[in-house]
Amino acid sequence: MAARQEVTAWRPRVPGIVEVFHAHFTAHTYPMHVHDVWTLLIVDDGVVRYDLNRRERGTPADTVSLLPPQVPHNGSPATPHGFRKRVLYLDLSQLDESFIGAAADGPDLVDPLLRRRVGQLHAALADRGGDLEAQSRLALIHERLRTHLRPRPATRARPADPRVAHRLRELLDARLLQGVTLDEAARLLHAHPTHLVRAFSGTFGIAPHQYLTARRLDRARRLLLDGQPPGEVAAATGFYDQSHLSRSFKRLVGTTPGRFARKGVPVATTGHVPPGG
């Protein structure tokens with residue numbers, strides 16, 4: 001079988017993430033090397049074998065691997081068909097040097113919830129306009145990684161704070177068009193980013209990024225029915241571009257903005273729109 005190599009890399013607009021790297025290798029072998037940032041790795045197909053801190057490691061299914069900065073490691077396929085992986089390189093604002101020793105001793109974390117959240121973060125990063133979602137998901141991942149590396153005695157979960165949740169909702173409403181980053185909201189509301197996400201979701205039953213998108217889509221629906229073209233509607237409702245509007249619109253409404261507003265074409269196959277649809 002011929003060696004295969006597919007690589008995609010980009011720098012997202014999300015503080016704390018230096019680089020996103022997706023790759024499919026069938027024969028590539030990494031020599032020993034180091035990074036000056038954290039390497040958060042998930043493998044979607046195949047297995048990667050690597051050496052870290054003079055010990056042989058691997059990446060079985062549902063494993064999240066966290067390789068610390070300045071610790072040499074290598075990597076190679078452990079199966080004949082190679083591997084497909086997704087990597088996030090995180091700067092030291094996410095985890096400082098005090099966590100390096102724990103990560104070097106146990107880099108492979110068997111945690112299905114963490115694995116799912118990392119996959120969701122990659123999906124948000126691939127969606128231009130999904131910055132608030134990506135920041136929210138990164139905050140929850142950061143919290144869970146710290147728990148793995150520095151376990152704490154079991155404590156009663158902190159209850160959701162409805163006051164800060166309502167203040168965040170007011171901020172999102174006020175910044176509907178220009179948006180707000182999670183770090184900026186945390187500064188304005190004097191709360192930790194992770195607490196903001198948990199308080200909002202616990203109080204309202206919806207994540208902050210989902211609430212913001214739904215509010216924008218409500219406004220988009222009205223403008224579309226008033227006859228404005230989708231490109232203008234995207235700009236008028238805070239979406240990154242028309243493609244971002246179309247993806248979000250179809251996910252929620254079940255059809256594209258153009259079909260939704262087209263005269264003579266019913267939105268629902270039954271010929272009517274149910275209440276609240």
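Before reading further, recall that the structure is shown in the block above.
Quick notes on the rules
Residues numbered from 1 in each chain as written. Predicted model: local features only at pLDDT ≥ 70, side-chain atom pairs only at ≥ 80, totals over all residues. Heavy atoms only, no water. Pairing = 2+ DSSP bridges. Helix = DSSP H or I, 4+ residues; strand = E, 2+ residues; numbered from the N terminus. Axes fitted to C-alpha atoms, helices over the stretch in contact; angles between N-to-C directions. Buried < 20%, exposed > 50% of the residue type's maximum accessible area, 1.4 Å probe, protein only. Contact = heavy atoms within 4.5 Å. Phe/Tyr/Trp six-rings, centres within 6.5 Å; stacked < 30°, edge-to-face > 60°. Lys NZ or Arg CZ within 6 Å of the ring centre and 35° of its normal. Expected span 1.5 Å × (residues − 1). Arc of directions from axis to C-beta. Core = buried A, V, L, I, M, F, W, Y, C linked by side-chain atoms within 4.5 Å. Salt bridge = Lys/Arg side-chain N within 4 Å of Asp/Glu carboxyl O.

## Topic: the sheet that holds strand β3 (residues 30-33)
In step 1: In space, the four strands of this open sheet follow the order β3-β8-β5-β6, with antiparallel pairing throughout. Single-partner strands in this sheet number two, and they are β3 and β6 (55-58). Taking the axes of each pair of neighbouring strands and ignoring which way they run, one obtains an average angle of 20 degrees across the sheet.
In step 2: Across two bridges, the pairing between β3 and strand β8 (residues 73-77) is antiparallel. Bridge pairing in β8 links H33 to H73.

## Here we look at the environment of D91
In step 1: In this structure, D91 sits in the loop between β9 (83-90) and α1 (100-105).
In step 2: By relative accessible area, which is 24% here, D91 ends up partly exposed.
In step 3: Along the backbone, D91 and T39 are 52 residues apart, and their C-alpha atoms lie at a distance of 9.1 Å.
In step 4: The residues contacting D91, other than those within four sequence positions of it, are G16, V18, V37 and W38.

## Focus on unusual backbone geometry
In step 1: With phi around 55 degrees, N53 is a residue other than glycine that occupies positive phi space.
In step 2: The topology assignment puts N53 in the loop between β5 (48-52) and β6.
In step 3: Judged by relative accessible area, which is 35%, N53 ranks as partly exposed.
In step 4: Of note, Q70 is a non-glycine position whose phi angle comes to about 65 degrees, a positive value.
In step 5: Of note, Q70 is situated in the loop between β7 (63-67) and β8.

## Remarks on the packing of aromatic side chains
In step 1: For the structure shown, the criterion picks out five aromatic pairs.
In step 2: For the ring pair F25 and F83, a centre distance of 5.9 Å and an interplane angle of 80 degrees mean the geometry is edge-to-face. Of this pair, F25 sits in strand β2 (residues 17-25) while F83 sits in strand β9, placing them 58 residues apart in sequence. As far as the burial class goes, F25 and F83 line up, both buried.
In step 3: Here the aromatic cluster, defined as three or more aromatic residues joined through ring pairs, consists of F25, Y30 and F83.
In step 4: Here the guanidinium or amino end of R150 rests over the ring plane of F99, the centre of that ring lying 4.1 Å away.

## Focus on the sheet that holds strand β10 (residues 108-110)
In step 1: Overall, antiparallel pairing links the six strands, which are arranged β1-β2-β9-β4-β7-β10 in an open sheet. Because the sheet does not close on itself, it has two edges, and the strands there are β1 (5-10) and β10. Neighbour-to-neighbour, the strand axes of the sheet open up by a mean angle of 20 degrees, direction not taken into account.
In step 2: As judged from the eight bridges shared by strand β4 (residues 38-46) and β9, these two strands associate in the antiparallel manner. By the bridge assignment, G46 is partnered in β9 with F83.

## Points about helix α9 (residues 242-253)
In step 1: The end-to-end C-alpha separation of α9 is 16 Å, in line with the 16 Å expected for 12 residues at 1.5 Å each.
In step 2: What α9 keeps buried is the set H244, L245, S248 and F249. End-on view of α9: buried residues confined to an arc of 120 degrees, all on one side of the axis.
In step 3: The secondary structure elements touched by the buried residues of α9 are α7 (208-225), α8 (230-236) and α10 (257-261).

## Things to note about the nonpolar core
In step 1: I17, W38, L40, L88, L121, L125 and L145 are the most contacted members of the largest nonpolar core, which has 29 residues in total.
In step 2: Listing elements by their share of this core, those giving two or more residues are β2, β4, β5, β7, β9, α1, α2 (112-125) and α3 (131-149).
In step 3: Grouped together as the second largest cluster of nonpolar side chains are 20 residues, V164, L171, A191 and L196 included.

## Structural notes on the pattern of salt bridges
In step 1: If you walk through the whole model with that rule in mind, you get 13 salt bridges.
In step 2: With a shortest N-O distance of 2.7 Å, R86 and D44 are connected by a salt bridge. Note that R86 is positioned in strand β9 and D44 in strand β4, a separation of 42 residues in sequence.
In step 3: When salt bridges with common partners are traced through the structure, they connect D44, R86 and R115 into a single cluster.

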